[in-house]
Amino acid sequence: MSTATAQKKGFGATLWDYLTTVDHKKIAILYLVAGGIFFLAGGLEAMLIRIQLAVPDNDFVSAGLYNQLITMHGTTMIFLAAMPLIFALMNIAVPLQIGARDVAFPFLNSLGFWLFFFGGVLLNVSWFTGGAPDAGWTAYAPLSTTSPGHGVDYYVMGLQISGAGTLIGGINFLVTIVNMRAPGMTYMRMPLFTWTAFVTSVLILFAFPALTVGLFLMMFDRMFGANFFDPQMGGNHVIWEHLFWIFGHPEVYILVLPIFGLFSDIISTFSKKRLFGYSAMVFAVVLIGFLGFMVWAHHMFTTGLGPVANSIFAIATMAIAVPTGIKIFNWIFTMWGGSIRMTTPMLWTVAFIPSFTLGGFGGVMLAAAAADYQYHDTYFVVAHFHYVIVGGVVFGVFAGLHYWWPKFFGTMLSEKLGKLAFWPFFVGFHLTFFIQHFLGLMGMPRRYWKFLPNQDLDLGNLVSTIGAFLMAIGAVIFLINVIVTSVKGEKVSGDPWDGRTLEWSIPSPPPFYNFTQTPLVRGLDPLWIEKRQGNGKMTPAEPLGDIHMPNNSFIPFVMSLGLFIAGFGFIYQVDDKNWLIVGIAGMLITLGSMFVRSVKDDLGYHIHKEDLEKGAGSE
Amino acid sequence: MSSDQLQRLKPGQSPHEPEKATLEGKNKFLGFWFFLGGETVLFASLFGTYLALNGPESNTSGPGPAELFGLELVFIMTVILLTSSLTSVYAIYHMKNLDFGKMQLWLGITVALGLTFLGLEIYEFYEYIMHEEHTFTSDAFGSAFYALVGFHGGHVLFGLLWIVTLMVRNSKRGLNLYNAPKYYIASLYWHFIDVVWVFIFTVVYLMGKLGG
Amino acid sequence: MKGWMGKSRVLFLFGIMLLTLTGCGLPNLTALEPKGEGADVIYDLMMLSVIIMVVVGVIVMALYFFVLIRYRQKEDNQDYIPKQTEGNKFLELLWTVVPILLLVVLAVPTVQKTFMLADTTPAEEDKEDAITIEVTGKQYWWHYNYNGLEVQASQDLYIPTGERVYLKLAASDVIHSFWVPAIAGKMDTNPGTGNVNEMWINAYEEGVYYGKCAELCGPSHSLMSFKVVAVSPEEFDQWVEEMKNVNPDATPESESAQAGKELFNSKSCIACHAIGSSPAAAGPNLTNFGSRVKIAGILDNNKQNLIDWLQHPEDIKPGNKMTGKYGNTDADNPLTSEEAEQLADYLLQLNPTEITPEDAEAQ
């Protein structure tokens, strides 16, 4: 659906369209917009943190507010910005890359989005109802279980709801990739982005339930008098640490693996070369995913698990450096002998390699358990994970948005503004975080509301804050780029980058049914093969025929809204048991929606062959 | 294809595996297996929590596992739930033969057994709470016990509601390619619940009684 | 755009180097100037990993810049189609095996040192004399119970130099983490009795070392500072003797301090704060308060700061447990200036030991 048609339809109709859509491309846009807004919120929180830490002994924000800011910055960036932005990229690209008309479960795709969205909104409502959560994004008990007010309750309910959405999304992509590939698209012909989306979905599937249980236990402790984490009543708070990190470590790979895949596609496209060592790359991704589950306790080296556990987890963690190294070398060798075009997506990608390598170095250093006794919970760790998450995920999201913007909106982001946004962000990023490694070693623990004067920490912190402002400038230029591009609205062809994979074989934006005829895939980089050996177009794998499409549905929205309402009920029944009614009412709305979904037949509809011939989809 | 899916399937007709005859069916089938993979992690986490909190140091008030549990009732519950798993197998067997009536009958028996199980579980909890001072809030052991067994009970309840909904919804129109996958994955869910219970019986009750 | 890769990046990296070379941080605080055995052991491991990383980094970056400069698309050659290489088995093997070997080089000392640092059983011949201290983290201060020595102290941890002092770490409320970067790595203090951690610290030389809480524990997490005061073994023994023999009821000399002592009782300060060797209470032990390095962990130890702290604890350490515990009539100003002054006089003369942080610092 092009913007022109949307404008014709009027605002109300467009809104309704998006509230009920099950089209993966529109859901991608929803993820993009929601994730983008949360990213700005998280960025604002980050700026306030850096302003507070610009000078020693600062009183810009109070201690209580500061703890809320760091908690919400971390939680928002991980769960409400990085996750949905990755889902936006996966939604726009995966079905197109495998030659599918949609995901396996379009209804669940929509449900996943709305659950995430309402969970995120619920979490942020806490700012206006007496205080946001303040126990850190890791919410270690007993600080979290004893935190006064309702902040942490919002954390528990918000993440529970949005986590359910993520889990659903993960299952959806798994089935999509297994069952919906076009003829000839074997596993070893899938673009790396699809491969990494697949592995990431496996990680989501096996990691998120641990968080679900952890959050349930915390909810029971905080709201229903249970004693899981209360040492006085026989509980053990270390259980939370385990559950959180059994989820939390794979989560890092959930975020970064799709970005690895995306960079692989981009490097290959803009070097005009096939990905070097494709099977090694696939193997490395699978291995990273597998090892990702074996290393969670490296976040707990100082918890006191003993030298045996610490050593095992240290070695397992170091092992991850090997497949990651394989990837770095294969990327460099993909460019080797190529014809490198330094477009904006490629610029972000090229910047990613050294940044992420530094992040990886920090990772190996942290893996050395004994040495971690110095690094742990200091700015060294802060520096490390920002190198990985900003230098990896955020750079990747920027690259991916520039790369796939045509598939999202049918327009191209300005290359000039794109590069203009890149430089301050890139320089600011290194300025902000490189020095933090040293701050940590010089004795600055993380999550410090203020650092005291005369401890030689002033200069490093000031530099870091200046860097943060440069990053903010870069982000603002990117936003300007988005606005300028959409105001101009210049249409772009289906294949503006001289692409290699299937998404570039169809128009930008693609028609709502994606492929008029399912393409026949003849190898890795199918479009490239057709460009070199064929007529530059995909050969259809089927005659032109009716296309079966799913119906739009409002039920996912209502189902998620029910849980949103129930969340308030559970949070406030602590003060007044009458609120339980609200909780139950919310649950009934959700269960009722599930019931309606179950008993009402939803068979979808057909686009007829004749309409396709007339070009109904090309609008 | 789509409206054909609503056509009633009768015994003797093809296909033999109606649950996997359509792409939607295949997707549901695979997706549900993945979902059960996630559920496995969920219960594994709950088991882990329980095992960390069932020792004497977590049992700060009220009776411990060895004094609390009686194996007779739990054994009966186990037999009932295992039987219900078997009856749901019969139901799916008849579904594959496209014999709707017999499928509904066996599912009905499954539901009856499931309800009995749930009733006994509620009775068990009632006894613990009313007569043994073993509650959700009494100590960490209590919290862990009710969380694990209660999550399972919640799954049983949801499974029952699901199967009953399917049975009532389709009672008039019979089996077709649209609802066959739904029946099939509901039965998968029921088996999963059953397997989890076997672990609960072993880890919570047997080990609690004999090991403690 | 020509040459952007070369120039701006080199400049940029150079800038970063300059910044980092300006200093390694404050001595006795920074982990980069080890002053104790644990920190030393860790520093060596750190440097080993840095060397390995630099070697790898140089290789990767050399390849990276070469590729980027050499294989940039040329204006006149935009239609060039490179050879579509599939890969190279030898190279894949090379960059799998070499990193594994490098990691083994790092892993062996890592495991060795992890076990070494975790070895909290004193050697057989030292068993009798080994000092074990129970460290308890509380919102937002630290308490020390010297096992077998009948000494209780808070905030300033006195230890003898040149020997391993064993710590048993726990918390009374939420998780804290005990960290003295210049002497040793950190260890969490867990609440409850089931997760007590052990570690040892060994300061090479006399001095006052900065200690910090490294696990988020509430609003004043960043203010939960403490000091480790390392003194010679003889001085330490003397300190123990003096601490042990304190008379908590000794009458202060000055009149003002005597009035302060009255207030200490009448305002129920005594309900939370022990003086002498009675066991841990809700507030810090004040036996040697007069010689504390800092007041409340963060303020210079002088009378005016103490008066401020007594009158406005919440402004200085948000969320502390002392706010509102005395003089309930006026929460903002629980003590009159006169009362605060008297209390301060009393507290500052609590100085029973000849061994003070100044001795350690003077070395």
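Only a predicted model underlies this, so the values are computations on that prediction, with no experimental measurement involved.

S.K.: It is not clear to me how the overall build of chain A should be interpreted in this structure. Could you clarify?
M.R.: When helices and strands are tallied, chain A shows 20 helices and 2 strands. Here the C-alpha radius of gyration of chain A, 24 Å, is about what a compact globule of 619 residues would show, namely 25 Å. Over its C-alpha atoms, taken along the principal directions, chain A stretches across nearly 70 × 60 × 45 Å. For chain A, with 619 residues in total, the buried portion stands at 69%. Of the contacts made within chain A by residues no fewer than 6 positions apart, 82% connect residues no fewer than 24 positions apart. Here chain A has roughly 18100 Å² of accessible surface; of this, 70% comes from carbon and sulfur atoms. Side-chain charges of chain A comprise 32 positive and 34 negative groups, with the mean position of each set lying 12 Å from the other.

S.K.: Even after reading the chapter, I still don't get the pattern of salt bridges, so can you show me in this structure?
M.R.: When charged atoms on two side chains of opposite charge get close, those side chains can pair. Per the stated rule, a full pass over the model turns up 28 salt bridges over all chains. In this structure, Asp602 of chain A engages Arg597 of chain A in a salt bridge whose closest nitrogen and oxygen atoms are separated by 2.8 Å. The class of Asp602 of chain A is partly exposed, set by a relative accessible area of 22%. Salt bridges sharing partners connect three or more residues here, namely Glu17, Glu19, Lys20 and Lys96 of chain B.

S.K.: Please clarify how the packing of aromatic side chains should be interpreted in this entry.
M.R.: Within a pair of aromatic rings, the relevant descriptors are the distance that separates the centres and the angle that separates the planes. Residue and element names in this part refer to chain A. In the structure shown here, the tally under the stated rule is 111 aromatic pairs over all chains. With a centroid separation of 5.4 Å and 20 degrees between ring planes, the pair formed by Tyr31 and Phe87 is classed as stacked. Taken together, the residues Tyr31 in helix H3 (residues 24-52) and Phe87 in helix H4 (residues 63-97) connect sequence positions 56 residues apart. Each member of the pair Tyr31 and Phe87 is classed as buried. Taken together, a centroid distance of 6.3 Å and an interplanar angle of 45 degrees make the contact between Tyr187 and Trp195 tilted. Overall, the relative accessible area of 31% leaves Tyr187 in the partly exposed class. When the ring centre of Phe107 is taken as reference, the NZ or CZ atom of Arg597 above it lies at 3.7 Å.

S.K.: Please explain the environment of Ala541 of chain A as it appears in this structure.
M.R.: Residues and elements named next belong to chain A. As for its position among the elements, Ala541 is in the loop between helix H17 (526-533) and strand E1 (547-549). Ala541 sits 33 residues away from Val574 along the chain, and the two C-alpha atoms are 60 Å apart. The residues contacting Ala541, other than those within four sequence positions of it, are Pro183, Thr518, Pro519 and Leu520.

S.K.: Would you mind going over empty space enclosed by the protein with me for this structure?
M.R.: With a probe scaled to a water molecule rolled over the atoms, the places where space remains empty come into view. A complete count under the given rule lists 8 cavities of 30 Å³ or more for this structure. Space inside the largest cavity adds up to approximately 100 Å³. Taken together, 14 residues form the lining of the largest cavity, with Leu192, Asp265, Ser268, Thr501 and Asp525 of chain A sitting closest to its centre. Of all the elements, helix H9 (residues 238-271) of chain A adds the most residues to the lining of the largest cavity, at 4 residues. Across the lining of the largest cavity, the residue classes tally to 7 nonpolar, 4 polar and 3 charged. If you tally residues by element for the lining of the second largest cavity, the top one is strand E8 (residues 197-201) of chain C, at 3 residues. Considered class by class, the residues forming the lining of the second largest cavity number 6 nonpolar, 2 polar and 2 charged.

S.K.: Which parts of the structure should I look at to understand the domain arrangement of chain A?
M.R.: For interface size, the figure often reported is the accessible area lost on association. All names here are of chain A. Per the domain assignment, the segments of chain A are domain 1 (12-553 + 602-618) and domain 2 (558-601). In this complex, domain 1 contributes 20 residues to the contact, which on the side of domain 2 involves 16 residues. Together domain 1 and domain 2 conceal approximately 1700 Å² of surface at their shared face, both sides included; 74% is due to carbon and sulfur atoms. Summed over the three residues of domain 1 that lose the most area to domain 2, namely Phe118, His150 and Asp602, the buried surface amounts to 31% of that side. Joining domain 1 to domain 2, the criterion identifies 1 salt bridge. Counting every contact that joins domain 1 to domain 2 gives 6 residue pairs in polar contact (both at pLDDT 80 or more). Of all the secondary-structure elements, those providing two or more residues to the side of domain 1 that touches domain 2 are helix H5 (106-125), helix H7 (151-179) and helix H8 (192-224).

S.K.: Any chance you could explain unusual backbone geometry here in plain terms?
M.R.: Leave glycine aside and you will find that most residues have negative phi; peptide bonds, for their part, are mostly trans. In this structure, Pro142 of chain A follows Ala141 of chain A across a cis peptide bond, with omega equal to 0 degrees. Mapped onto the elements of the fold, Pro142 of chain A is located in the loop between H5 and helix H6 (143-146). Residues Ser508 of chain A and Pro509 of chain A are joined by a peptide bond in cis, for which omega reads -15 degrees. For Pro509 of chain A, the location among the structural elements is in the loop between helix H16 (458-488) and H17. Of note in the backbone geometry, Leu98 of chain B takes a positive phi value of approximately 60 degrees without being a glycine. Relative to the helices and strands, Leu98 of chain B resides in the loop between helix H3 (71-96) and helix H4 (100-131).

S.K.: Help me out: how do you make sense of a negative patch on the surface in this one?
M.R.: Residue and element names in this part refer to chain C. Residues Glu125, Asp126, Glu128 and Asp129 make up a contiguous surface patch of negative charge. Within the secondary structure layout, Asp129 lies in the loop between helix H3 (89-118) and strand E1 (132-138). For Asp129, a relative accessible area of 61% gives the class exposed.

S.K.: Any chance you could explain the nonpolar core here in plain terms?
M.R.: Considering soluble globular proteins, one finds that nonpolar side chains tend to be buried as a cluster. The biggest cluster of nonpolar side chains holds 373 residues, and the ones touching the most others in it are Tyr205 of chain B together with Tyr146 and Phe178 of chain C. Three or more residues apiece are contributed to this core by two domains, here domain 1 (12-553 + 602-618) and domain 2 (558-601) of chain A. With residues near it in sequence (within four places) discarded, Tyr146 of chain C still touches Ile131, Thr132, Ile133, Val151, Ala153, Leu157, Tyr158, Phe236 and Trp239 of chain C.

S.K.: Would you mind showing me how to read the sheet that holds strand E10 (residues 226-231) of chain C here?
M.R.: Strands in a sheet are paired, the pairing made by backbone hydrogen bonds, and the direction either parallel or antiparallel. Residue and element names in this part refer to chain C. Read from one edge to the other, the open sheet built from 5 strands follows the order E4-E10-E9-E6-E7, with strand pairing classed as mixed. With one partner strand each, in any of the chains shown, strand E4 (156-160) and strand E7 (187-189) form the two edges of the open sheet. Strand-to-strand twist in this sheet, taken as the mean axis angle between neighbours without regard to direction, amounts to 30 degrees. Strand direction decides the pairing type here: strand E6 (residues 176-179) and strand E9 (residues 207-213), joined by 2 bridges, are antiparallel. If you follow Phe178 over to E9, its bridge partner there is Cys213. Sitting on the sheet, helix H4 (residues 233-244) touches E4 and E10, and the angle it makes with E4 is about 130 degrees.

S.K.: What should I look at first to understand the UniProt feature "domain: Heme-copper oxidase subunit III family profile" (unreviewed entry) in chain B in this one?
M.R.: UniProt feature "domain: Heme-copper oxidase subunit III family profile" (unreviewed entry): in the numbering of this structure it lies at residues 30-209 of chain B. The span residues 30-209 of chain B is 81% helical and 0% strand by assignment, and the distance between its end C-alpha atoms comes to 39 Å.

S.K.: For this particular structure, what's the right way to read the interface of chain A and chain B?
M.R.: Counting from both sides, the interface comprises 41 residues of chain A and, opposite them, 41 residues of chain B. Each partner contributes to the roughly 3200 Å² buried at the junction of chain A and chain B, and carbon and sulfur atoms together form 71% of this total. On the chain A side of the contact with chain B, Phe228, Asp601 and Leu603 of chain A bury the most area, a combined 16% of that side's loss. Linking chain A to chain B there are 2 salt bridges. With a closest N to O distance of 2.4 Å, Asp601 of chain A and Arg173 of chain B form a salt bridge. At the junction of chain A with chain B, the criterion picks out 10 residue pairs in polar contact (both at pLDDT 80 or more). Those elements giving two or more residues to the side of chain A that touches chain B turn out to be H7, H8, H9 and helix H19 (579-599) of chain A. Looking at the side of chain A that touches chain B element by element, the count peaks at 10 residues for H8 of chain A. Considering only residue class, the side of chain A that touches chain B consists of 26 nonpolar, 11 polar and 4 charged.

S.K.: Any chance you could explain the UniProt feature "domain: Cytochrome oxidase subunit I profile" (unreviewed entry) in chain A here in plain terms?
M.R.: Look at the UniProt record and you will see "domain: Cytochrome oxidase subunit I profile" (unreviewed entry) annotated at residues 10-522 of chain A. Secondary structure across residues 10-522 of chain A divides into 70% helix and 0% strand, with the first and last C-alpha atoms of the span separated by 43 Å.

S.K.: What am I meant to see in the environment of Asp156 of chain C here?
M.R.: Residue and element names in this part refer to chain C. Within the fold, Asp156 resides in strand E4. Sequence separation of Asp156 and Asn190 is 34 residues, and the distance between their C-alpha atoms is 20 Å. If we ignore the near neighbours within four places in the chain, the residues touching Asp156 are Tyr144, Lys227, Val229, Ser291, Arg292, Val293 and Pro357. Within the local environment of Asp156, its side chain forms a polar contact with the backbone nitrogen of Val293, the two atoms lying 2.9 Å apart.

S.K.: How do you make sense of the interface of chain C and chain A when you look at a structure like this?
M.R.: At the junction of the two partners, chain C supplies 95 residues and chain A supplies 101 residues. Summed over both partners, the interface of chain C with chain A buries about 8200 Å², with 71% contributed by carbon and sulfur atoms. Interface area lost by chain C to chain A is led by Tyr71, Trp95 and Leu216 of chain C, which between them contribute 8%. In this assembly, chain C and chain A are joined by 1 salt bridge. When the shortest N-O distance is used, the salt bridge between Glu86 of chain C and Arg274 of chain A registers 3.8 Å. For the side of chain C that touches chain A, the elements supplying multiple residues, two or more each, are helix H1 (4-21), helix H2 (37-70), H3, E7 and E9 of chain C. Residue classes in the side of chain C that touches chain A are distributed as 56 nonpolar, 27 polar and 12 charged.

About the cut-offs
- Residues numbered from 1 in each chain as written.
- Chains lettered and ligands numbered in written order.
- Predicted model: local features only at pLDDT ≥ 70, side-chain atom pairs only at ≥ 80, totals over all residues.
- Heavy atoms only, no water.
- Helix = DSSP H or I, 4+ residues; strand = E, 2+ residues; numbered from the N terminus.
- Rg over C-alpha atoms; globule rule 2.2 N^0.38 Å.
- Buried < 20%, exposed > 50% of the residue type's maximum accessible area, 1.4 Å probe, protein only.
- Contact = heavy atoms within 4.5 Å.
- Areas by Shrake-Rupley, 256 points an atom, 1.4 Å probe, with all protein chains shown as cover.
- Lys, Arg positive; Asp, Glu negative; His and termini not counted.
- Charge placed at Lys NZ, Arg CZ, Asp CG, Glu CD.
- Salt bridge = Lys/Arg side-chain N within 4 Å of Asp/Glu carboxyl O.
- Phe/Tyr/Trp six-rings, centres within 6.5 Å; stacked < 30°, edge-to-face > 60°.
- Lys NZ or Arg CZ within 6 Å of the ring centre and 35° of its normal.
- 1 Å grid on protein atoms, 1.4 Å probe; cavity = no way out; pocket = protein on both sides within 12 Å on 5 of 7 lines; lining within 4 Å.
- Points joined across faces, edges and corners; volume = space filled by probe spheres on them.
- Nonpolar A, V, L, I, M, F, W, Y, C, P; charged D, E, K, R; others polar.
- Domains from an automatic or database assignment.
- Buried area = accessible area lost by both parts, 1.4 Å probe.
- Polar contact = N/O pair within 3.5 Å; in protein donor to acceptor, adjacent residues only side chain to side chain.
- Patch = residues over 30% accessible without salt bridge, like charges linked within 9 Å, V, L, I, M, F, W, Y side chains within 5 Å.
- Core = buried A, V, L, I, M, F, W, Y, C linked by side-chain atoms within 4.5 Å.
- Pairing = 2+ DSSP bridges.
- Axes fitted to C-alpha atoms, helices over the stretch in contact; angles between N-to-C directions.
- UniProt positions renumbered as here; feature names shortened; annotations may be inferred.

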